[in-house]
Each structure stands twice: as structure tokens, then as C-alpha cells.
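So you can see what is in the structure, the chains are spelled out below.
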Amino acid sequence: SPDAFMTEFYVLGREGRAESYPRDARVGERLTVTMGIRNLERTTHTYKVLVYAIDVWEDRQEPMALAGPFTLAREEGVEEVVAWAMPWAGQDQTVEFHLSSDAQEAGADEPYRLLRLWMDVEEPEG
């Protein structure tokens, strides 16, 4: 099936598991996750990841981090710690991890893969 040839894209929290993600943060606090990409396509591809903070209430977004480019042969993978800080306070703030690949159509508007975390962000202390 075509699904057998795809790209795995995942985010791991503390202890390297698909849980324990940052849920509560303060503005400017350093947050990290481990991001993983595994190329299960038929050929070598190059990937990069852009991390955005998104405020759904105020309809604003800001790029916070960039990882890559990573050139991965078939069945090759990479895991890398990605760090960012939330730029504003609010409940249900969103962090989106946009994976782009040279496998996708040139000029495609949508990311090749998309992961999303939600968190509550408070003003900095002091």
C-alpha cells in the first residue's frame, strides 16, 4: 500500500516517550522536546522542521525554531532536541511542528507533516 512508503514524524517528551510534553510554561521559559524523522519513502529525501508558536485567540503566529536540513536515505532516521520559548501568555496556546520535504510538491501551502502541542502559558515571574 502507498501508506507503507511514508515519512514518520514524531515528538517525544521527557524520558523519550510520546508523553510528558510541556503543558504549562511561562513566557520566555526554555522548552524542549525530542523531534524524530524517519524516512520510509522509496528514495533519499531532505527534510526540515519549522516550529511555530500560534495564538489562536489573537490570530498570530511566530516562527520559534528551525531544525535541519536533514538528508535521510531510505529507512534512515534522525532524532534531535528542539528548544523554543513561548512569546506570549494565554490558555491553550499552540505549538506547531511543520515538516517540509523535497518529496512534496514545489510551492505546496501545507506542511508535509504537522504535529501540534497545546499549553497554558503564564506571564513571566517578577
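The model shown is predicted, which means the values in this text are computed figures rather than measured ones.

K.L.:
Sorry if this is basic, but what is going on with unusual backbone geometry here?
P.N.:
With the exception of glycine, most residues fall at negative phi, and the peptide bonds are largely trans. Cis geometry is found at the peptide bond from G68 to P69, where omega equals 5°. With respect to the secondary-structure elements, P69 resides in strand β5 (residues 60-72). Although it is not a glycine, D92 sits at a positive phi angle of roughly 55°. You can see D92 is positioned in strand β7 (residues 90-101). Its relative accessible area of 39% is what places D92 among the partly exposed residues.

K.L.:
Just to check I follow, could you spell out the pairing of strand β8 (residues 113-122) for this structure?
P.N.:
Along any regular strand the residues' side chains alternate between the sheet's two faces. The pairing of strand β2 (residues 24-26) with β8 spans 3 bridges and is parallel. Pairing of D24 across the sheet is with D120, part of β8. Sheet topology note: the β7/β8 ladder contains 8 bridges and is antiparallel. Along β8, the bridge assignment pairs T94 with W118.

K.L.:
I'm lost on the side chain of N39 in this one. Help?
P.N.:
Mapped onto the fold, N39 is located in strand β3 (residues 31-39). Side-chain polar atoms of N39 contact the backbone nitrogen of E41, separated by 2.8 Å. Beyond its immediate stretch of four places on either side in the chain, N39 contacts M6, T44, H45, Y47, L72, A73, R74, E75 and E76.

K.L.:
Any chance you could explain the packing of aromatic side chains here in plain terms?
P.N.:
Think of a pair of aromatic rings as described by two things: how far the centres are apart, and how the planes are tilted against each other in angle. A complete count under the given rule lists 1 aromatic pair for this structure. Aromatic pair W84 and F97: ring centres 5.7 Å apart, planes at 90°, arrangement edge-to-face. Of the two residues, W84 is situated in strand β6 (residues 77-84) and F97 in strand β7; the sequence distance between them amounts to 13 residues. The pair formed by W84 and F97 is uniform in burial state, with each residue classed as buried. A cation sits over an aromatic face here: R60 above W88, 4.2 Å from the ring centre. The ring centre of Y112 lies 4.7 Å from the NZ or CZ of R113, which sits over that ring.

K.L.:
Any chance you could explain the nonpolar core here in plain terms?
P.N.:
Here is a general trend for soluble globular proteins: nonpolar side chains tend to be buried in one another's company. I37, V49, W84 and F97 are the most contacted members of the largest nonpolar core, which totals 29 residues. Every element with two or more residues in this core is listed here: β1 (7-12), β3, β4 (45-55), β5, β6, β7 and β8. Not counting residues within four places of it along the chain, the set of residues in contact with I37 comprises T7, E8, F9, Y10, Y47, V49, F70, L72, E76, G77, V78 and L99.

Rules used in this analysis
Residues numbered from 1 in each chain as written. Predicted model: local features only at pLDDT ≥ 70, side-chain atom pairs only at ≥ 80, totals over all residues. Heavy atoms only, no water. Helix = DSSP H or I, 4+ residues; strand = E, 2+ residues; numbered from the N terminus. Buried < 20%, exposed > 50% of the residue type's maximum accessible area, 1.4 Å probe, protein only. Pairing = 2+ DSSP bridges. Polar contact = N/O pair within 3.5 Å; in protein donor to acceptor, adjacent residues only side chain to side chain. Contact = heavy atoms within 4.5 Å. Phe/Tyr/Trp six-rings, centres within 6.5 Å; stacked < 30°, edge-to-face > 60°. Lys NZ or Arg CZ within 6 Å of the ring centre and 35° of its normal. Core = buried A, V, L, I, M, F, W, Y, C linked by side-chain atoms within 4.5 Å.

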